[in-house]
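Geometric and topological summary
Here's the letter readout for the chains.
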Amino acid sequence: MASFVILLGPPGVGKGTQAKIIAEKTRRAHISSGDLFRENIKNQTDLGKKAKAYLDKGELVPDDVTIDMIRDRLRQPDCQAGAILDGFPRTPAQAEALDALLMDFRVQVDLVPNLTAPASVLVDRIGGRLTCRAHSHVFHSKYDPPKVPGKCDLDGSDLYQREDDKPETVQRRIQVYMEQTAPLIEYYRHQGKIVEVDGTREVNDVTSDLMDALQKV
Ligand code: AMP
């Protein structure tokens, strides 16, 4: 089964939701670059201070800062069996850096599912997204409401709307995705690693397609 998997796709397509499920099912580490940045911002680390302004505006954090963070994360023991990458890489330079990093570990990217959905679906999903403070569990005010309003079903912590999930920033994030990240589809298609997955369907259906694809590698 595939070990190093990148979930590619625009903001709101379901990468985070799927990455959590797939990582658990396959016992791989889940690496979310966005969660790592938010954790650092919450803890006011030097990295968090460098990243905050970019996240607030919906812009990408510079490649060198991002690559250093992911390099450190990939060196953690829980990544030895593989990892599900969610939100990284997001630029061609990051993709090249990842290839080089994995080569050092004598492994490679096995599979790159490309999750797709029209912009209207993305805006709708992000607009209602509620994120939990403790562990970044995600709910949706309309499609997946928490049992107790404002509280995470899983750990009881407060739910909040991410600053960058507000409408003014969402359009910019989708635009940044189109300009800077979408070229990676061709990068990985050349390597024969892309598998297309329709991200508009129910969570369980998307998971089942992803698991099928992973098992074939
Ligand atoms: P996400 O949680 O994946 O939507 O990411 C939230 C924000 O974190 C993005 O809008 C960027 O500001 C930053 N970010 C996450 N991953 C990356 C990355 N690979 N490269 C640069 N910035 C990133």
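Shown above is the structure to which this text applies.
All residue numbers refer to position in the chain's written sequence, counted from 1. pLDDT decides what is reported in this predicted model: residues at 70 or higher carry local features, side-chain atom pairs at 80 or more are listed and counted, and totals for whole chains, interfaces and linings draw on all residues regardless. Side-chain descriptors were evaluated using all non-hydrogen atoms of the structure, hydrogens and water having been removed beforehand.

**Details of the overall build of the protein chain**
Scanning the protein chain from N- to C-terminus turns up nine helices and eight strands. We compute the radius of gyration over the C-alpha atoms and compare it with the globule rule, which gives 2.2 Å times the number of residues raised to the power 0.38. Expected size for 217 residues packed as a compact globule is a radius of gyration near 17 Å; at 16 Å, the protein chain falls within 12% of this value. Taken along its principal axes, the extent of the C-alpha atoms in the protein chain is 45 × 40 × 35 Å. The classification of residues rests on relative accessible area computed with a 1.4 Å probe and restricted to protein chains. Under 20% of the type maximum is buried, over 50% is exposed, and intermediate values are partly exposed. Burial statistics for the protein chain: of 217 residues in total, 47% are counted as buried. About 11000 Å² of surface is accessible on the protein chain, with carbon and sulfur atoms providing 51% of the total. Residues scored as positive are Lys and Arg, those scored as negative are Asp and Glu, and His as well as the terminal groups of each chain are ignored. Taken as the charge location is NZ of Lys, CZ of Arg, CG of Asp or CD of Glu. Where the 30 positive side-chain charges of the protein chain centre and where its 33 negative ones centre are 2 Å apart. The helix and strand labels rest on DSSP assignments: H or I over at least four residues marks a helix, E over at least two residues marks a strand, and numbering proceeds from the N terminus. Note on areas: Shrake-Rupley with a 1.4 Å probe; residue coverage comes only from the protein chains shown.

**A look at the packing of helix H2 (residues 33-42) against helix H4 (residues 63-74)**
To obtain an axis, a line is fitted to C-alpha atoms, over the contacting stretch when the element is a helix, and the angle between two such axes runs from 0 to 180 degrees between their N-to-C directions. As a packed pair, H2 and H4 sit with axes 11 Å apart at the nearest point and diverge in direction by 100 degrees. Considered as vectors, H2 and H4 are oriented roughly perpendicular to each other. In this structure, H2 contributes Ser 33, Leu 36 and Phe 37 to the contact, and H4 contributes Thr 66, Met 69, Ile 70 and Arg 73. Class assignment for the residues of the contact of H2 with H4 results in four nonpolar, two polar and one charged. Any angle that falls under 35 degrees is termed roughly parallel, while one over 145 is termed roughly antiparallel, one within 65 to 115 roughly perpendicular, and all others oblique. Residue contacts follow a heavy-atom distance rule, with two residues in contact if any of their heavy atoms lie within 4.5 Å. Amino acid classes used here: Ala, Val, Leu, Ile, Met, Phe, Trp, Tyr, Cys and Pro are nonpolar; Asp, Glu, Lys and Arg are charged; the rest, including Gly, are polar.

**Considerations on the packing of helix H6 (residues 119-127) against helix H7 (residues 167-181)**
Contact pair H6 / H7: the axes reach a minimum separation of 11 Å and the direction vectors enclose 135 degrees. Comparing the axis directions of H6 and H7 gives the class oblique. Between H6 and H7 the crossing geometry is right-handed. Residues Leu 122, Val 123 and Ile 126 of H6 lie in contact with H7, whose contacting residues are Val 170, Gln 171, Arg 173 and Ile 174. Residue classes in the contact of H6 with H7 are distributed as five nonpolar, one polar and one charged. Two helices crossing with the near one rotated counterclockwise from the far one by less than a right angle form a left-handed crossing, whereas a clockwise rotation gives a right-handed crossing.

**Let's talk about the sheet that holds strand S7 (residues 159-160)**
For two strands to count as paired, DSSP must find a minimum of two bridges between them. If you trace the three strands from one edge of the open sheet to the other, you get S6-S5-S7, paired in antiparallel fashion. Two strands bound the open sheet, and with one partner strand each, they are strand S6 (138-140) and S7. One ladder, built from three bridges, connects strand S5 (residues 129-132) with S6; its direction is antiparallel. Each residue of the ladder has a partner; that of Arg 129, found in S6, is His 140.

**Description of the state of the cysteines**
In what follows, a disulfide is any cysteine sulfur pair within 2.5 Å. Applying the stated criterion across every chain yields a total of zero disulfides. There is no disulfide at Cys 132, and the cysteine sulfur nearest it, in Cys 152, is 3.9 Å away. Of the residues examined, Cys 132 reaches a relative accessible area of 1% and is grouped as buried. Look at Cys 152 and you get buried, because its relative accessible area is 4%.

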